[in-house]
Amino acid sequence: MTQRAIDTSGGQPPDRSPSDEAAPPPYDPRGLSTAEVAERVARGEVNDVPVRSSRSVTEIVRANVFTRFNLIIGVLWVIMLAVAPIQDSLFGFVIIANTGIGIVQEWRAKKTLDGLAVIGEAKPTVRRDGTAAAISTSAIVLGDLIELGPGDKVVVDGTVGEADNLEIDESLLTGEADPVLKRAGDPVMSGSFVVAGGGAFTATKVGREAYAAQLAEEASRFTLVQSELRSGISTILKYVTWMMIPTAIGLVVSQLVVKENDFKESVARSAGGIVPMIPEGLVLLTSVAFAIGVIRLGRKQCLVQELPAIEGLARVDVVCLDKTGTLTEGGMDVTEVRPLGSADGAYVSRVLGALGGSDPRPNASLQAIVDAHPDPGGWRVTDTLPFSSARKYSGAAFREDGSTDDTDGGSAGSSDSAWLLGAPDVLLPDGAPELASIEELNRQGLRVLLLSRARGGLDGPDAAAGSVPTALVVLEQRLRPDAGDTLRYFADQRVAAKVISGDNAVSVGAVAGKLGLPGAEHTLDARRMPEDRDAMATAMEENTVFGRVTPQQKRNMVAALQSRGHTVAMTGDGVNDVLALKDADIGVSMGSGSEATRAVAQIVLLDNSFATLPSVVAEGRRVIGNITRVATLFLTKTVYSVLLAILVVCFQVEYPFLPRHLTLLSTLTIGVPAFFLALAPNKERAQPYFVRRVMRYAIPSGVIAGAATFLTYMLAGSHYSGPGALDAETSAATLTLFLVSMWVLAIIARPYTWWRILLVASMGAAFLIVLAVPWLQHFFALKLVGTTMPWAAVAVAAAASVLLEYVWRLVGRRFGA
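What counts, and at which threshold
Going along each chain's sequence as written, the residues are numbered from 1 onward. This being a predicted model, a pLDDT of at least 70 is required before a residue's local features are given, and a value of 80 or more before pairs of side-chain atoms are given or counted; all residues contribute to the totals for chains, interfaces and linings. Side-chain metrics in this entry use all non-hydrogen atoms of the structure; hydrogen atoms and water are not considered. Secondary structure elements follow DSSP: runs of H or I of four or more residues count as helices, runs of E of two or more count as strands, with numbering from the N terminus. Classification of residues uses two cut-offs on accessible area relative to the type maximum, computed with a 1.4 Å probe and protein chains only: under 20% is buried, over 50% is exposed, and between them is partly exposed. The contact definition used throughout considers only heavy atoms, calling two residues in contact when any of these lie within 4.5 Å. The protein chains shown are the only cover counted for residues, whose accessible areas, like all others here, come from Shrake-Rupley with a 1.4 Å probe. Here, any two strands with at least 2 DSSP bridges between them count as paired. Helix axes are fitted only over the stretch in contact, all axes being lines through C-alpha atoms; the angle between N-to-C directions runs from 0 to 180 degrees. Aromatic rings from Phe, Tyr and Trp, with only the six-membered ring used for Trp, were paired whenever their centres fell within 6.5 Å, and each pair was classed as stacked if the ring planes differed by under 30 degrees, edge-to-face if by over 60, and tilted otherwise. Roughly parallel means an angle under 35 degrees; roughly antiparallel means over 145; roughly perpendicular covers 65 to 115; every other angle is labelled oblique. Residue polarity follows a fixed list, in which Ala, Val, Leu, Ile, Met, Phe, Trp, Tyr, Cys and Pro are nonpolar, Asp, Glu, Lys and Arg are charged, and the others, Gly among them, are polar.

Participant: Looking at this model, I keep getting lost on the overall build of the chain. Mind explaining?
Facilitator: Across its full length, the chain holds 27 helices and 21 strands. The proportion of buried residues among the 817 residues of the chain is 56%. If you take every contact in the chain between residues at least 6 apart in sequence, the share linking residues at least 24 apart comes to 74%. When the accessible area of the chain is evaluated, it comes to approximately 32700 Å², of which 59% is carbon and sulfur surface.

Participant: How should I be thinking about unusual backbone geometry in this particular structure?
Facilitator: What you tend to see is this: most non-glycine residues have negative phi, and most peptide bonds are trans. The omega torsion of the bond from arginine 750 to proline 751 falls at -5°, within 30 degrees of zero and hence cis. With respect to the helices and strands, the residue proline 751 is situated in the loop between α24 (725–748) and α25 (754–772). In the Ramachandran plot, arginine 494 falls in the positive-phi region, its phi being about 60° despite a non-glycine side chain. The phi angle at alanine 781 is positive, at roughly 55°, despite the residue not being glycine. With respect to the helices and strands, alanine 781 occurs in the loop between α26 (774–780) and α27 (788–815).

Participant: Is there a simple way to think about the sheet that holds strand β21 (residues 603–605) in this case?
Facilitator: Note on sheets: strands pair through backbone hydrogen bonds, and any given pair is parallel or antiparallel. Read from one edge to the other, the open sheet built from eight strands follows the order β8-β21-β20-β19-β9-β16-β18-β17, with strand pairing classed as mixed. Each edge of the open sheet carries a strand with a single partner, namely β8 (302–304) and β17 (523–525). Averaged over all adjacent pairs, the angle separating strand axes in this sheet is 20°, with direction ignored. Judged from the three bridges that link them, strand β9 (residues 318–321) and strand β19 (residues 568–572) form a sheet pairing that is parallel. Of the residues in β19, the one forming a bridge with valine 318 is valine 568. On top of the sheet, helix α10 (residues 308–315) reaches β8, β19, β20 (586–590) and β21; it is set at about 105° to β20, its chief contact.

Participant: What is the right way to look at the packing of aromatic side chains in this model?
Facilitator: For any pair of aromatic rings, the description rests on two quantities: the centre-to-centre distance and the angle between the ring planes. For the structure on display, the rule yields eleven aromatic pairs. For the ring pair tyrosine 655 and phenylalanine 657, a centre distance of 6.1 Å and an interplane angle of 75° mean the geometry is edge-to-face. With relative accessibility at 0%, the residue tyrosine 655 sits in the buried group. The interplanar angle of 15° and the centroid separation of 3.9 Å between the aromatic rings of phenylalanine 738 and phenylalanine 767 together place this pair among those described as stacked. On the criterion of sequence distance, the pair formed by phenylalanine 738 in helix α24 and phenylalanine 767 in helix α25 is long-range, its members being 29 residues apart.

Participant: Looking at this structure, how should I read the packing of helix α21 (residues 613–651) against helix α22 (residues 659–678)?
Facilitator: A pair of packed helices is captured by two measures, namely the crossing angle of their axes and the spacing between those axes. Contact geometry of α21 with α22 gives a least axis separation of 9 Å together with a crossing angle of 175°. One element, α21, and the other, α22, form an angle in the roughly antiparallel class. Here α21 contributes Arg622, Asn626, Ile627, Val630, Leu633, Phe634 and Lys637 to the contact with α22, which in turn contributes Ser666, Thr669, Ile670, Ala674, Leu677 and Ala678. Here the contact of α21 with α22 is built from residues that sort into eight nonpolar, three polar and two charged.

Written as structure tokens, this is what we have:
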């Protein structure tokens, strides 16, 4: 095949010179032998980079056990076991149970992720003993001959041995947007990918020596970082720690020195004040919610390569869709071949068959032509021009032995011809008479390709110049049966869908219209798209369907939307989508997509079903919305605990609660209900500023709860006297705190459903049982004395609940829900 020369200096990544490269190994088209492979494996020359989709079991245990707050609670637990009854040490057993739940759930999520990662793993084609076979990336050895085709990712460093118009995109490594044409002997780097042509290369560096190995390992790792939700919780915990330290010191000094109480009693009440300051279950619930989300999505064949993607997709307000493979299925059917002018139909059919036979890896449209027009045989390929998303056409040159060769169906004999197949509006000049009929076909949602005879060879910078239109190839695309429902879901959820395609805009708009996409009639040819980012963003917001989009334009469109504050998701399956997928806030790839798209996407739909996306969005919204709700519960407890400790120090009184009291209250008003609320369905779109939103409600709620509780405690202190007075005061204060906390829970549980009402009622009933059953009264040291103070406690709680209701509504009106 004819090979074009081109400068490949753009392919050299920074900080690496040719002198750094080892001498290229001798090229053998048969690849390594079985014996050579075994020898290299024995020497350890294997691509052993541990590309993991999840944390190891050791890391999971360490992350769940060795936390700052577990250390604090562990120390307090040991102290309480030494100085107080077992009832006051219950909080320690709760923490052990919580930690165990967190470990088990994340381990289950790990198993799910690891299993899916194996299914979705890219398997490069390696030639050994002259036979090509797909193998695991980790099974590649030094010196392997690895075949490449459009969309394939270069998985290790190597040297090109075969090149058939092989174009490599190295932008993910070098930032250089233009593909680099590779020739035999040129280096290729892991992390780059093929945009056109094909070939094979010999692996020269494998494992951790490969250029992008560390980058690939880090990018593929299951992670809980870079998440607004988790970073927000970390910020909250940092503030809590700083607030807790001086408060706890003051409380301990107050109880041990100032009041001169019994030592064990003082320690117990000090611990009772410190433990509830810690929102220990918040981190657990976040991890569990994420882990269960991974498991749920895994059952739907959705691989979440980066865990925050669940959260990120829930924040998306614009989703950019590639038509082919997303709205339509990968396959197409040729419905008509329409010769132009006096072109002979039989000759056109042979040309199409020869074009199909010239490409060893045909794309979807060329595959449809291959199925409809078999290779005629006898036509020798002398040059090829692989399809490129940037130029929108492909081509091939032939020596036609013994065939009829003339655009008009003329003379016989051996001759040369060069043909182009691609977008009519690219190959034809403006105003060409054929465009009118093409436009009509596009309005019907049909895809039209133009077969055109090139005037010269395929090596020129513009091979299409002066080409002679010969025939129109009409293709019908197969619509995904679930695409319409998915688009309607996004519309209902106020997520704008933008269809970005390399095809004709009118044709794409017709397809989108058939699927019921709102605004599908607003189409724009990307060749008329303004280059200014602000003007491009305006065009993106005003239109819905974009055609003739180049890969670089897709990238620019995503950036333009992001510049307007939009959170953008990009879906795609082709190599032309890689750059946009990488730059989007969330990249979603189809499982059948190219290796390159699967490598850069955060979410891979292994079953290739666009209909899975709503499940991912819903899962993210469930996680974020519910964690925001339950975080308010946990932080309300932190705020009222800190306030109570401060008031106790200021008023120089005994701390009102023992650890057992607050363990009971935390379990009934926070722990149990928060677990159910965190896993409930939630369709609210995620809002930004997690910390600010939570604290707007938690601070006033905690202040009201703490003030009401301390008021009841002081009233009870003036009402009761004699032996057992402190226990009676504690019981009255506990009743007020429970009722106010229950009202906070009742507000957070809205909107009510039968199970939410049952949940709140069950917690209230459980507390009544504790007050009514004698042995539980004794166990938790709770017994209401008389009628005056208990009813006073109820009255204070009622007034506080009315104030809570007013404050929540005020905050909602002022700042939004």
